[in-house]
Amino acid sequence: LKTSPVIANDGTDERLFSGCEGDYRFYSIRTKDGKGEKTATTKEPECYFPSHPGLCEATSHIIVGSDEGELYALKLDGLGEAWQWPDSAQERGTGLQFGAPAFNGNNIYIAQEGSTGADSLFLFQDVGLQCNRVAAYGVRASVVDAPIVDAPGNVYFGTDSGYLVKIDANLSSVIWRSKLL
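Residues numbered from 1 in each chain as written. Predicted model: local features only at pLDDT ≥ 70, side-chain atom pairs only at ≥ 80, totals over all residues. Heavy atoms only, no water.

**Q** For this particular structure, what's the right way to read the confidence of the model for the protein chain?
**A** Reading predicted coordinates in detail is not appropriate for stretches of low pLDDT. In the predicted model, the protein chain carries a mean pLDDT of 90, and the fraction of residues at 70 or more is 94%. Mean pLDDT in the protein chain bottoms out at strand E4 (residues 36-40), which sits at 86, and peaks at strand E9 (residues 102-104), which reaches 98. (pLDDT = per-residue confidence, 0-100. Helix = DSSP H or I, 4+ residues; strand = E, 2+ residues; numbered from the N terminus.)

**Q** Would you explain the sheet that holds strand E16 (residues 174-179) in this entry?
**A** What links the strands of a sheet is backbone hydrogen bonding, and the strands pair in either a parallel or an antiparallel sense. Strand order in the open sheet formed by four strands is E13-E14-E15-E16, and the pairing between neighbours is antiparallel. Each of the sheet's edge strands pairs with one partner strand only, and the pair in question is strand E13 (143-149) and E16. Shown here is a sheet whose adjacent strand axes are inclined to one another by a mean of 15°, direction ignored. Inspection of the sheet shows strand E15 (residues 163-167) paired to E16 by five bridges, in the antiparallel sense. Each residue of the ladder has a partner; that of Leu 164, found in E16, is Ser 178. (Pairing = 2+ DSSP bridges. Axes fitted to C-alpha atoms, helices over the stretch in contact; angles between N-to-C directions.)

**Q** What am I meant to see in the side chain of Asn 154 here?
**A** Position of Asn 154 relative to the elements: it lies in the loop between E13 and strand E14 (155-159). Relative accessible area serves as the criterion here: at 15%, Asn 154 is assigned to the buried category. When near neighbours in sequence (up to four residues on either side) are disregarded, Asn 154 contacts Ile 148, Val 149, Lys 166, Ile 167, Asp 168, Ala 169 and Ile 175. (Buried < 20%, exposed > 50% of the residue type's maximum accessible area, 1.4 Å probe, protein only. Contact = heavy atoms within 4.5 Å.)

**Q** Help me understand the pattern of salt bridges in this model?
**A** A side chain with one charge can pair with a side chain of the opposite charge if their charged atoms come near. Scanning the entire structure with this criterion turns up six salt bridges. Its salt-bridge partner being Asp 10, residue Arg 15 comes within 2.5 Å of it at the nearest N-O pair. Neither Arg 15 nor Asp 10 differs from the other in exposure class; each is buried. Residue Asp 13 pairs with Lys 32 through a salt bridge whose shortest N-O separation is 3.3 Å. Here Asp 13 is found in the loop between strand E1 (6-9) and strand E2 (14-20), whereas its partner Lys 32 is found in the loop between strand E3 (25-30) and E4, with 19 residues between them in sequence. (Salt bridge = Lys/Arg side-chain N within 4 Å of Asp/Glu carboxyl O.)

**Q** I'm lost on the environment of Tyr 109 in this one. Help?
**A** Inspection of the secondary structure puts Tyr 109 in strand E10 (residues 107-112). Among residues more than four places away in sequence, those in contact with Tyr 109 are Ala 100, Pro 101, Ala 102, Asn 104, Phe 122, Leu 123, Pro 147, Val 149, Gly 153, Val 155, Ala 169 and Leu 171. Separated by 2.7 Å, the side chain of Tyr 109 and the backbone oxygen of Ala 169 make a polar contact. (Polar contact = N/O pair within 3.5 Å; in protein donor to acceptor, adjacent residues only side chain to side chain.)

**Q** Can you walk me through the layout of surface pockets in this structure?
**A** Where empty space is left can be seen by rolling a probe of water-molecule size over the atoms. If you add up the space inside the largest pocket, you get close to 250 Å³. Around the largest pocket sit 15 residues that line it, and Gln 97, Phe 98, Gly 99, Ala 100 and Val 143 are the ones nearest its centre. For the lining of the largest pocket, the secondary structure elements donating two or more residues are E10 and E13. For the lining of the largest pocket, the element with the most residues is E13, which contributes three residues. (1 Å grid on protein atoms, 1.4 Å probe; cavity = no way out; pocket = protein on both sides within 12 Å on 5 of 7 lines; lining within 4 Å. Points joined across faces, edges and corners; volume = space filled by probe spheres on them.)

Below, the structure written as structure tokens:
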């Protein structure tokens, strides 16, 4: 396995969901007996899902990034693709990987590495069969792990330059930055 698994019930069984670098697949494995019955693959051959997956409970989609630079929403029952972002052929294949997602309802907060070493934090809305990019915030550093969301919807994330940042739910205004190092 390449990532930490996420656990969810597909309507019939409790399952673990995780990607494997060795065979380029993303697996759905029953927790009661360890059987892996369903798999998904990326659009590009020999690409895999190196990002840590997350469950969007509002839509019952597993959200995971691929090493081709795509973000996928996979359905719990069968791992069929609900949507992929970007959905435009000219934007595909950046190779810039996504991190681990955080959720607030159907809002997805996720960082994507930047080509210059500075990441972007994105806000997407999972609206069922498609994804809407709502906002992006240029971080000017690398985002460390997954962001988190508090009860009012504010987003927190850490950077490799030693800052903890609190930003509003729309990613439009930094509320505070605190140097931890």
